[in-house]
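Each chain, written out:
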Amino acid sequence: MISYTRQDAEEPSAVPPPGADEHVAPAPRVSVQAFCETMETATVVQSAAEDRRLAKAHLKIQMGGMAAAVEAYRSAPTPNVIILEAEQRGDILAALDQLATVCDAGTRVVVIGRVNDVTLYRELVKRGVSDYVMAPVTAIAVVRSVCGLFSTPEAKAVGRVIAVAGAKGGVGASTIAHNVAWAIARDLALDSVVADLDLAFGTAGLDFNQDPPQGIADAVFSPDRIDTAFVDRLLSRCTDHLSLLAAPATLDRVYDFGTEAFDSILDTLRTTMPCIVLDIPHQWSGWTKRALIGADDILIVATPDLANLRNTKNLFDLLKLARPNDRPPLYCLNQVGVPKRPEISPNEFAKAIESQPIVSIPFDPQMFGSAANNGQMIAEIAASHRTTEMFLQIAQRLTGRGGAKKPRKSLLPPFIEKLRAR
């Protein structure tokens, strides 16, 4: 019998509309083999194989459909996941019965078919099929199906990674990353961690008034020790819902990393934290590019000048090309309104980027300077300031969650109660 992994089998549900905020957790290192009937489906599956969420999966595509799959596994072990395309109802059930005789225990099967019938779906469930996807399929539907096999209902939710990067040095990307993480933790009550990836010059420890003895450097230089217990010891708690994975901010060693240097850390954080905010330094290397492309959501911070416009446009173009099945990155304008400085207007900026900024944060050196020097967030020193609301707005858009702030208390109820008492 083919292994059936879902614990709460349901009839197929409607696919979320394009642009809907959907978090699809990445698949682990697994082997996937697809047997397609048509070149159209094979092309779509190949596109899915290039998606960032299947980066660790090894996906191989063959033609011939179910018949080819049955023949192939008569003399070869089956992979972790088999994707099968079938044309007719009778072909599907008969071929699955044959496949069950040669399929290894634990293999998950996804069927792509053109028969829209609940009765067929129930028959597939009885035979141990993990998922049934209606053709014609899209790349994101294939990604969603394969990744969903490894996100069982009883498993702990896989955390969402949010990457914040500056279009240019000195634009305030770290400050915004830290304040947005604070809003996610405080206002949305979502357990979060800030990972300061600027090991040499990171400011997260200063901004949160923390000086932990250990941090992210201990993890990146000890990859063999990384597990949930080890990473948990490295975290410094800032609030009930917010933790910090601080950078050492020292120059006693050179921080040259390979492309996959942070993979183990981020994979471990995903299993323990609902939200991970990456404070990415302004540099272009293999690992920073990988961190950006691999994130679930991206925020680019820019100031309204020509260099920032060019760099933001370049980042948008690259990320859209590398992440065709994700929503485009978001961006915000920071330090808007510097006296006597010529600036590109938000409308002109948006016209070039072909996207509106999520917010435009005004230049306020007094408020931001006081917060930085005191090791506080903007919300701590100016709770009702418009900028504090902007950070919450960014947090809501990046996480896909609505506001959770408590309404302000009115002054009228106490007076009304006194009048009633009289």
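This structure is a prediction, so every number in the text was calculated from the model and none was measured.

### Observations regarding the confidence of the model for the chain
- Summarising the model, the chain shows a mean pLDDT of 86, and 87% of its residues fall at 70 or more.
- The low-confidence segment residues 1-20 (pLDDT under 50) makes 40 contacts with residues lying over four places distant or belonging to another chain.

### Description of the nonpolar core
- Residues Leu245, Phe262, Ile265 and Leu278 are the most contacted members of the largest nonpolar core, which totals 47 residues.
- Ignoring sequence-local partners within four residues, the contact set of Leu245 consists of Val193, Val194, Ala195, Asp196, Gly215, Ile216, Leu234, Leu235, Ile265 and Leu269.

### A look at the pattern of salt bridges
- Taken as a whole, this structure holds 18 salt bridges when the rule is applied.
- Between Arg52 and Asp296 there is a salt bridge, with its nearest N and O atoms 3.4 Å apart. With Arg52 in the loop between helix H1 (39-49) and strand S2 (58-63) and Asp296 in the loop between helix H11 (286-294) and strand S11 (297-302), this residue pair connects regions lying 244 residues apart in the sequence. For the pair Arg52 and Asp296, one class covers both residues: buried.

### Observations regarding the environment of Leu124
- As for its placement among the helices and strands, Leu124 is situated in helix H4 (residues 118-126).
- Assessed through its relative accessible area of 1%, Leu124 is described here as buried.
- For the pair formed by Leu124 and Val110, sequence separation is 14 residues and the distance between their alpha carbons is 9.9 Å.

Rules of the game
Residues numbered from 1 in each chain as written. Predicted model: local features only at pLDDT ≥ 70, side-chain atom pairs only at ≥ 80, totals over all residues. Heavy atoms only, no water. pLDDT = per-residue confidence, 0-100. Contact = heavy atoms within 4.5 Å. Core = buried A, V, L, I, M, F, W, Y, C linked by side-chain atoms within 4.5 Å. Buried < 20%, exposed > 50% of the residue type's maximum accessible area, 1.4 Å probe, protein only. Salt bridge = Lys/Arg side-chain N within 4 Å of Asp/Glu carboxyl O. Helix = DSSP H or I, 4+ residues; strand = E, 2+ residues; numbered from the N terminus.

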